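Structural characterization, general
What follows is each chain in one-letter form.
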Amino acid sequence: MQGNPEFMQQAIQLATDNVVSGRGGPFGAVVVKDGKVIATGANQVTATNDPTAHAEVTAIRNACTALGHFQLDGCDVYSSCEPCPMCLAALYWSRCRAIYYGNSAADAAKVGFDDSRLYEEVKKPLSERTIPIVCMLPEQAWESFVVWEKSPFKVDY
């Protein structure tokens, strides 16, 4: 599967423009369906004080709004940089068709965006992670799943 260089160039331009404008980091993303741009996103972490406002997540949100659906079936995502673990998970949840990227994670690390700690953290058992992760009230929490299973509003995803 080959991507379209024009869409990658657009993602790269979004990343560059984002830095020049002072709105955020050097990351841009474009969502394409049937050869047309559905939505774009640029890193807005510092502009919005939202650590999840990465370019890919912003583009996914914008695309889902434009499509009126919570999945990106048949969509390709072009990102100026290899997605971080959070963005990669969001892209998988979106059910997009393909992901194309410009800079690698190693390239990003060279300019201060090093995700290697996150990749290492998720490999560790919960008890050995840097941020404590503690299970609480699992029996009570299970009730939410029971209600979900019986809900007339249940939507599989």
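Residues numbered from 1 in each chain as written. Predicted model: local features only at pLDDT ≥ 70, side-chain atom pairs only at ≥ 80, totals over all residues. Heavy atoms only, no water.

**A word on the packing of aromatic side chains**
In total, this model carries five aromatic pairs according to the counting rule given. Residues F7 and Y78 carry aromatic rings whose centres are separated by 5.4 Å and whose planes lie at 55° to one another, so their mutual orientation is tilted. Taken together, the residues span a long stretch of sequence, with F7 in helix α1 (residues 5-21) and Y78 in strand β3 (residues 75-81) at a distance of 71 residues. Note on accessibility: F7 and Y78 belong to one class, buried. With centroids separated by 4.8 Å and ring planes inclined at 20°, the aromatic side chains of Y78 and Y100 adopt a geometry described as stacked. On the criterion of sequence distance, the pair formed by Y78 in strand β3 and Y100 in strand β4 (residues 98-103) is long-range, its members being 22 residues apart. In this structure, Y78 and Y100 share a single accessibility class: buried. Ring-pair connections join several aromatic residues into one group, and the members of that group are F7, Y78 and Y100. (Phe/Tyr/Trp six-rings, centres within 6.5 Å; stacked < 30°, edge-to-face > 60°. Helix = DSSP H or I, 4+ residues; strand = E, 2+ residues; numbered from the N terminus. Buried < 20%, exposed > 50% of the residue type's maximum accessible area, 1.4 Å probe, protein only.)

**Focus on the nonpolar core**
Of all hydrophobic cores here, the largest spans 16 residues; its most connected members are V31, I60, A63, L72, V77, L91 and C96. Put simply, the parts of the chain that give this core at least two residues each are β1 (28-33), α3 (55-67) and β3. Examining the composition of this core, we find that five residues originate from one element, α3, more than from any other. With residues near it in sequence (within four places) discarded, L72 still touches V31, I60, A63, C64, L67, S94, R95, C96 and R97. (Core = buried A, V, L, I, M, F, W, Y, C linked by side-chain atoms within 4.5 Å. Contact = heavy atoms within 4.5 Å.)

Interpretation in functional terms is not warranted from these geometric data alone.
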